[in-house]
Amino acid sequence: AQSVTQLGSHVSVSEGALVLLRCNYSSSVPPYLFWYVQYPNQGLQLLLKYTSAATLVKGINGFEAEFKKSETSFHLTKPSAHMSDAAEYFCAVSVMNSGYSTLTFGKGTMLLVSP
Amino acid sequence: EAGVTQFPSHSVIEKGQTVTLRCDPISGHDNLYWYRRVMGKEIKFLLHFVKESKQDESGMPNNRFLAERTGGTYSTLKVQPAELEDSGVYFCASSQTTLAGGPSEQFFGPGTRLTVL
C-alpha cells in the first residue's frame, strides 16, 4: 500500500518569497506522483505530475517539483510567491494495478501569502 | 468543454435521512471516481467505475453507501441512512482510458459538501 505525508498543515510566506511545500511518500512499487491545488469553491486542479521520466517536473503557474527516490520525497517549489497562489495544495501518489490506478492523497497544506 | 459537475454543491440533512449526490463526468471519460474528505483529514478514495462497471469499491465505508453509474454516463452516490460521521466533502473525478506510460489525469469536480446533523 502507498501513503503520503505532507509536512505542515499551514505554510505562510510573504509575496515574492520562495514557496516550499513538503511531500514524502511511501510505495512498494515505482510510484506516480502528483501535486493538486484547490482554490476556494473549486475542484482540485492538477499542478504537475511525475511519471518516471525527468525527475524535475515543471508545472503550471511557475511551480515545479523534484522527485528524489533516495529521500522518497516530491517537494513542491516556486521561486516567488504571488497573492494568487494562496490555496490548499495536495500531494498524491498513484500506482498502476491491472491497468488502473487510484490516488492516495496527503492531508493537504494550506498556503497563505501575505503582502 | 464542460468540466466535471456535481450536484448539489451543499446538502444539509438530519441523521437517518437519505441523500443522493450526483456527478456528471467529462463527456467521453470512461473512468469515474468518488473520493471523500472528512474535515481535517485527507481525501480518501471511495470507488472507481469503468463505464458502468465497478472496478474497485474497496474504499466504500459500509453498506449504507450505494453508488451507481447506469449507462456509463453520470453517477449517483446514495447514503441511506446518513450518520453524523458521513459529513464531509464528496469529490467526483473522471479520466480517459489509461494510456501506456502512466495513469491518465483525473479531472475533479468542485465537490458536494454534506452536513449531517
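This write-up is about the structure you can find in this document. Here the structure is a predicted model, which means the values were calculated and not measured. Chains are numbered independently. Their residues run from 1 in the order of the written sequence. Here every chain gets a letter starting at A, and every ligand a number starting at 1, in the order they are written. Confidence filtering applies because this is a predicted model: local features only for residues at pLDDT of at least 70, side-chain atom pairs given and counted only at 80 or more, and all residues used for totals across whole chains, interfaces and linings. To get the side-chain values, take all heavy atoms of the structure and skip hydrogens and water.

### Considerations on the overall build of chain A
Segments assigned H or I by DSSP are reported as helices when at least four residues long, segments assigned E as strands when at least two residues long, and all are numbered from the N terminus. Helix and strand counts for chain A stand at zero helices and 11 strands. The linear arrangement of helices and strands in chain A, starting from the amino end, is β-β-β-β-β-β-β-β-β-β-β. In this description the radius of gyration comes from C-alpha coordinates, and the expected globular size is given by 2.2 Å times residues to the power 0.38. By the compact-globule yardstick of 13 Å for 115 residues, chain A fits well, its C-alpha radius of gyration being 14 Å. Dimensions of chain A, computed from the C-alpha atoms along their principal axes, are close to 45 × 30 × 20 Å. Partitioning the contacts of chain A with sequence separation of at least 6, the portion at a separation of at least 24 is 56%. Summed over all atoms, the accessible surface of chain A reaches about 5,500 Å², with 52% contributed by carbon and sulfur. When charges are counted, neither His nor the chain ends are considered; positive counts come from Lys and Arg and negative counts from Asp and Glu. The atoms used to mark charge sites are NZ of Lys, CZ of Arg, CG of Asp and CD of Glu. Placing the 7 positive and 6 negative side-chain charges of chain A at their respective mean positions leaves the two points 7 Å apart. Residue contacts are counted whenever heavy atoms from the two residues lie within 4.5 Å of one another. Working definition of accessibility: Shrake-Rupley area with a 1.4 Å probe, residue cover restricted to the visible protein chains.

### Focus: the environment of Ala17(A)
Residue and element names in this part refer to chain A. Relative to the elements of secondary structure, Ala17 occurs in the loop between β2 (10–14) and β3 (19–26). In this structure the C-alpha to C-alpha distance between Ala17 and Val113, which are 96 residues apart in sequence, comes to 9.1 Å. The residues contacting Ala17, other than those within four sequence positions of it, are Lys78, Pro79, Ser80 and Ala81.

### Observations concerning the pairing of strand β5 (residues 44–50) of chain A
Residues and elements named next belong to chain A. Counted residue by residue, β5 has five buried out of seven residues, so it is predominantly covered. We call two strands paired when DSSP finds no fewer than two bridges between them. With six bridges connecting them, strand β4 (residues 32–38) and β5 associate as antiparallel partners. When the bridges of β5 are listed, Gln38 appears paired with Leu44. Turn length for the β4-β5 hairpin, with the two strands adjacent in sequence and antiparallel, is five residues, and the turn residue Asn41 shows positive phi of about 65°. Think of it in three bands: with a 1.4 Å probe and only protein chains considered, a residue is buried below 20% of the maximum accessible area for its type, exposed above 50%, and partly exposed in between.

### A closer look at the interface of chain B and chain A
It is common to give the size of an interface as the accessible area lost on bringing the parts into contact. On the side of chain A, 23 residues touch chain B, which itself brings 22 residues to the contact. Buried area between chain B and chain A, both sides added, is near 1,900 Å², and the carbon and sulfur share of it is 60%. Taken as a group, Ile43(B), Pro103(B) and Phe108(B) account for 30% of the area that chain B buries against chain A, more than any other trio of residues on that side. By salt bridge we mean one thing: a side-chain nitrogen of Lys or Arg within 4 Å of a carboxyl oxygen of Asp or Glu. Linking chain B with chain A are one salt bridge, by the criterion used here. Of the charged contacts in the structure, one is a salt bridge between Glu88(A) and Arg37(B), with a shortest N-O distance of 2.9 Å. The quantity reported as buried area is the accessible area (1.4 Å probe) lost by two parts once they are put together, taken as the sum for both.

### Overview of the side chain of His29(B)
All names here are of chain B. With respect to the helices and strands, His29 occurs in the loop between β3 (19–24) and β4 (31–37). Within 3.5 Å is the distance limit for a polar contact, defined as a pair of N or O atoms, with the added protein rule that one can donate a hydrogen and the other accept it, and that residues adjacent in sequence qualify only through two side-chain atoms. At a separation of 3.3 Å, a polar atom in the side chain of His29 contacts the main-chain amide nitrogen of Ser95. With residues up to four places along the chain from it excluded, the contact list for His29 reads Arg69, Ser94, Ser95, Gln96 and Phe107.

### Observations concerning the pairing of strand β1 (residues 3–7) of chain A
Residues and elements named next belong to chain A. The alternating pattern of β1 places Val4 and Gln6 on a buried face and Ser3, Thr5 and Leu7 on a face that is not buried. The pairing of β1 with β3 spans five bridges and is antiparallel. Within the sheet, the bridge partner assigned to Gln6 lies in β3 and is Cys23.

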